Amino acid sequence: MHYKINRLSLLSVFIVVLLYAFNRSGKKEMVASTQALANTQDTAAIHALGRSVFSKNCSACHGNPAFPKAPSLNALSALDPYVVLDALNGGKMRQQAKALTEQQREAVAQFVTNKPLKKAVMPAQAYTDFSFHGNGDDLHDYSGWGGNLEGTGFRTAGQSGITKANVSTLRLKWAFAFPDASEIRSKPAIVGDWLIVGSQSGEVYALNRLTGKIGWHVKASGAIRSGIVIEKKAGAVTAYFADAGTHIYAVDVKSGKVLWRVLAGKDLYPMNTGTLAVHNGKLLVPISSFEVVVAADSGYNCCKTSGALAALDSKTGEKLWYHRVIPDAATAQGKKKNGKPFYGPSGAPVWCSPTVDQKRGLVYIGTGENYTLPTTNTSDAIQAIDIKTGKLVWNFQATSSDAWNGACPVIINCPSDTGKDFDFGMAPILVTGKDGTERLLAGEKSGVVYALAPETGKLLWKTRIGKGGMLGGIHWGMASDGKYVYAANADNTVGLNTDDSHIPPKPGIYKIDVISGKVSWYTPAPAVPGVDSKLAVNSAAPVLVPGLVFAGSLDGHIRAYETANGHIIWDYNTAQKYKTVNGLKGEGGSIDSAAPVISNGMLFVNSGYGQFGEKPGNVLLAFEIAKKKTK
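Cut-offs used in this document
- Residues numbered from 1 in each chain as written.
- Predicted model: local features only at pLDDT ≥ 70, side-chain atom pairs only at ≥ 80, totals over all residues.
- Heavy atoms only, no water.
- Disulfide = S-S within 2.5 Å.
- Buried < 20%, exposed > 50% of the residue type's maximum accessible area, 1.4 Å probe, protein only.
- Helix = DSSP H or I, 4+ residues; strand = E, 2+ residues; numbered from the N terminus.
- Contact = heavy atoms within 4.5 Å.
- Phe/Tyr/Trp six-rings, centres within 6.5 Å; stacked < 30°, edge-to-face > 60°.
- Lys NZ or Arg CZ within 6 Å of the ring centre and 35° of its normal.
- 1 Å grid on protein atoms, 1.4 Å probe; cavity = no way out; pocket = protein on both sides within 12 Å on 5 of 7 lines; lining within 4 Å.
- Points joined across faces, edges and corners; volume = space filled by probe spheres on them.
- Nonpolar A, V, L, I, M, F, W, Y, C, P; charged D, E, K, R; others polar.
- Salt bridge = Lys/Arg side-chain N within 4 Å of Asp/Glu carboxyl O.
- Polar contact = N/O pair within 3.5 Å; in protein donor to acceptor, adjacent residues only side chain to side chain.
- Core = buried A, V, L, I, M, F, W, Y, C linked by side-chain atoms within 4.5 Å.

Thoughts on the state of the cysteines
(1) Moving on: Per the stated rule, a full pass over the model turns up two disulfides.
(2) Moving on: What pairs with C302 in a disulfide is C303, and their sulfur atoms sit 1.9 Å apart. Between C302 and C303, the S-S dihedral sits near -80°, and the bridge is therefore left-handed. Comparing C302 with C303, the two get one shared label, buried.

Observations regarding the environment of D499
(1) Moving on: Within the secondary structure, D499 sits in the loop between β26 (484-489) and β27 (508-513).
(2) Moving on: On the basis of relative accessible area, D499 is assigned to the partly exposed category, the value being 37%.
(3) Moving on: Between the C-alpha atoms of D499 and G468, which are 31 residues apart in sequence, the distance is 9.5 Å.
(4) Moving on: In this structure D499 touches K420 and K467, once residues within four positions along its chain are discounted.

Re the packing of aromatic side chains
(1) Moving on: This structure, assessed with the given rule, holds 19 aromatic pairs.
(2) Moving on: Each ring, one from W570 and one from Y572, has its centre 6.3 Å from the other, and the planes form 15°; the classification is stacked. Comparing W570 with Y572, the two get one shared label, buried.
(3) Moving on: Every member of this aromatic cluster is reached through a ring pair, and the members are F550, W570, Y572 and F623.
(4) Moving on: The ring of W145 carries K187 above its face, with NZ or CZ at 5.4 Å from the centroid.
(5) Moving on: Across from the ring centre of Y343, 4.2 Å away, lies the NZ or CZ of K304, which sits over that ring.

Thoughts on empty space enclosed by the protein
(1) Moving on: In total, this model carries three cavities of 30 Å³ or more according to the counting rule given.
(2) Moving on: In this structure, the largest cavity is lined by 15 residues; those nearest its centre are W145, G146, G151, M478 and A541.
(3) Moving on: Here the lining of the largest cavity takes three residues from strand β25 (residues 474-480), the largest share from any one element.
(4) Moving on: Split into classes, the residues belonging to the lining of the largest cavity amount to nine nonpolar, five polar and one charged.
(5) Moving on: Empty space within the second largest cavity amounts to approximately 50 Å³.
(6) Moving on: Lining the second largest cavity are W145, T273, G274, T275, W351, C352, S353, G425, A427 and W476.

Here's the deal with the pattern of salt bridges
(1) Moving on: If you walk through the whole model with that rule in mind, you get 17 salt bridges.
(2) Moving on: We note a salt bridge from E562 to K164, for which the minimum N-O separation is 2.7 Å. Within this pair, whereas E562 is found in strand β31 (residues 557-562), its partner K164 is found in the loop between α7 (157-160) and β1 (171-177), the two being separated by 398 residues in sequence.
(3) Moving on: Exposure remark for E562: the relative accessible area of 9% places this residue in the buried category.
(4) Moving on: Within this structure, D357, K359, R360, E438 and E455 form a network of salt bridges that share partners.

With respect to the environment of Q383
(1) Moving on: Along the chain, Q383 falls in strand β19 (residues 381-386).
(2) Moving on: Between the alpha carbons of Q383 and N395 there is a distance of 4.6 Å; along the sequence they are twelve residues apart.
(3) Moving on: Discounting chain neighbours no more than four positions away, the residues touching Q383 are H323, V325, V363, Y364, I365, T367, T378, L392, W394 and N395.
(4) Moving on: Side-chain polar atoms of Q383 contact the side chain of H323, separated by 2.9 Å.
(5) Moving on: A polar contact is formed between the side chain of Q383 and the side chain of N395, at a distance of 2.9 Å.

Points about the nonpolar core
(1) Moving on: The biggest cluster of nonpolar side chains holds 69 residues, and the ones touching the most others in it are W174, F550 and W570.
(2) Moving on: The element contributing the most residues to this core is strand β37 (residues 619-624), with five residues.
(3) Moving on: Not counting the four nearest positions on each side in its chain, W570 is found in contact with V167, S168, L170, F550, I558, R559, A560, L603 and F623.
(4) Moving on: Within the second largest apolar cluster, 20 residues are counted, among which are F290, Y371, C414 and M470.

What about unusual backbone geometry?
(1) Moving on: Put simply, G344 and P345 share a cis peptide bond, and its omega is 0°.
(2) Moving on: Within the secondary structure, P345 sits in the loop between β16 (341-344) and β17 (355-357).
(3) Moving on: P409 follows C408 through a cis peptide bond whose omega is 15°.
(4) Moving on: Within the secondary structure, P409 is located in the loop between β20 (392-397) and β21 (429-432).
(5) Moving on: In this structure, S401 is a non-glycine residue whose phi angle is positive, near 55°.
(6) Moving on: Mapped onto the elements, S401 comes out in the loop between β20 and β21.

This is the structure we're talking about:
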């Protein structure tokens with residue numbers, strides 16, 4: 001909501017009272033002073049109120065080195081004010097902001113960003129006529145987190161159209177700017193000539209992949225933090241996605257009509273980050289929880305929620321089963337320093353996209369840390385679930401006794417025995433090696449890559465490639481062609497693991513043999529002159545085509561590496577300003593979260609990630625291979 005210019009802030013009232021006290025000559029002077037303040041000093045009053053509220057309610061974490069995940073005031077200043085306001089109203093900070101008035105929230109959003117609350121308006125030039133032909137059965141289409149049910153992140157030569165021979169000709173074709181956004185994290189799906197992509201403001205757009213123009217758009221009730229998945233069935237083409245609050249949407253791609261909407265999460269503060277998967281009429285929904293951040297409120301009775309995987313009927317949205325990672329409900333578990341009870345077990349969120357094993361009838365997920373004690377054997381784990389029933393088949397725990405939440409290390413809701421926050425944040429990858437054996441591959445934020453037997457969860461090998469930390473290690477993902485797996489290791493200095501001092505941080509891209517687990521090569525993210533060296537890390541998931549692996553870095557560069565030797569043969573700096581096809585101001589930033597999408601000689605890259613001190617941005621960039629000139 002826009003700030004009401006005729007509504008006085010608390011500071012305005014205070015100043016008016018002072019003016020009245022100093023000027024006892026009558027009511028007219030007080031009224032005149034009030035009007036002058038509202039008309040000529042309103043911005044200053046808003047910022048003064050915002051500064052006061054921030055100091056009292058926010059500064060204990062934001063800017064405190066003890067809380068590396070909480071963005072500093074300097075980092076917050078780069079965000080869009082509506083991003084901050086959304087976080088306060090219904091997002092990550094809603095518990096911390098529950099006692100604030102609407103006016104105070106709006107003032108804080110404007111103070112920390114030093115920008116007024118003014119909605120961007122999409123101009124008429126952003127739109128085009130929408131038409132859709134056929135049933136979407138196209139070799140070049142793309143859907144889901146890893147592009148297939150196995151989550152491999154691999155595109156064949158026929159699907160990609162980008163090779164070692166032509167990659168040097170990649171050129172920017174268009175840039176699309178998302179309004180009121182500071183991070184771009186929704187992975188697009190491609191159906192024919194249309195790119196379906198979500199935004200931080202909750203809009204989901206169908207963009208013409210050749211022009212970037214909008215064919216249709218729908219509005220969700222919250223930010224879209226995950227990718228889009230497509231189902232083609234009986235002539236229908238349906239796009240599915242989740243908003244941040246786990247409302248699930250089915251949209252008819254041919255018309256842009258919302259077919260149904262349901263709430264998937266059952267616990268308090270449900271959240272979605274992982275992209276949905278769809279198979280045989282089942283829509284698989286990963287569920288995490290805002291409670292990890294809510295815990296930073298010392299007055300909150302922490303913690304009771306659990307990560308989950310829900311199965312819905314893809315035609316109707318009907319709930320088929322619900323797998324709660326922690327089966328038992330949380331109960332009182334001892335006393336905190338203030339005499340109030342801790343609750344547990346809790347946590348084990350599912351941040352990643354599910355991976356489907358069609359042959360075995362299983363779906364695989366990764367889980368995160370426990371939020372409170374006691375810890376469980378289902379946290380920091382890979383789980384196999386029966387896709388028909390939702391029953392747990394096997395559980396492999398990589399890191400035990402990991403209890404951590406946003407209150408750590410000093411706020412009262414932090415567990416007494418604090419863990420390292422070593423999630424499996426990435427989707428498991430199911431591959432068949434050149435020896436004919438299938439393996440399930442997963443990378444953990446601890447910096448370790450694991451290979452498991454898909455039938456049993458038995459450990460086949462593990463290889464450490466990083467020091468690990470709260471933001472990785474292996475943060476968002478890997479990609480594999482079945483012979484090798486290519487892992488992005490962040491080893492981010494924010495929340496870097498301080499144990500094992502003999503292990504140095506080694507961010508970059510790694511090539512690992514699928515059968516043996518041995519590292520074939522390692523290429524560090526290059527330092528960029530004039531850019532903070534802390535951003536020279538690879539956190540986003542990579543994408544793989546024959547001969548090339550593409551990976552983005554927090555400094556904003558997207559690079560193509562030769563799979564044979566790790567040499568960088570193409571590099572583009574996305575962290576710059578753009579003239580956009582939809583006429584809004586566009587600027588790139590850090591590349592994090594989802595891998596780029598490659599299709600039919602085009603490369604689509606999200607640029608901008610305004611969290612944890614990274615560089616915000618608001619653009620989707622489309623590159624294309626230069627066409628050969630004809631005589």
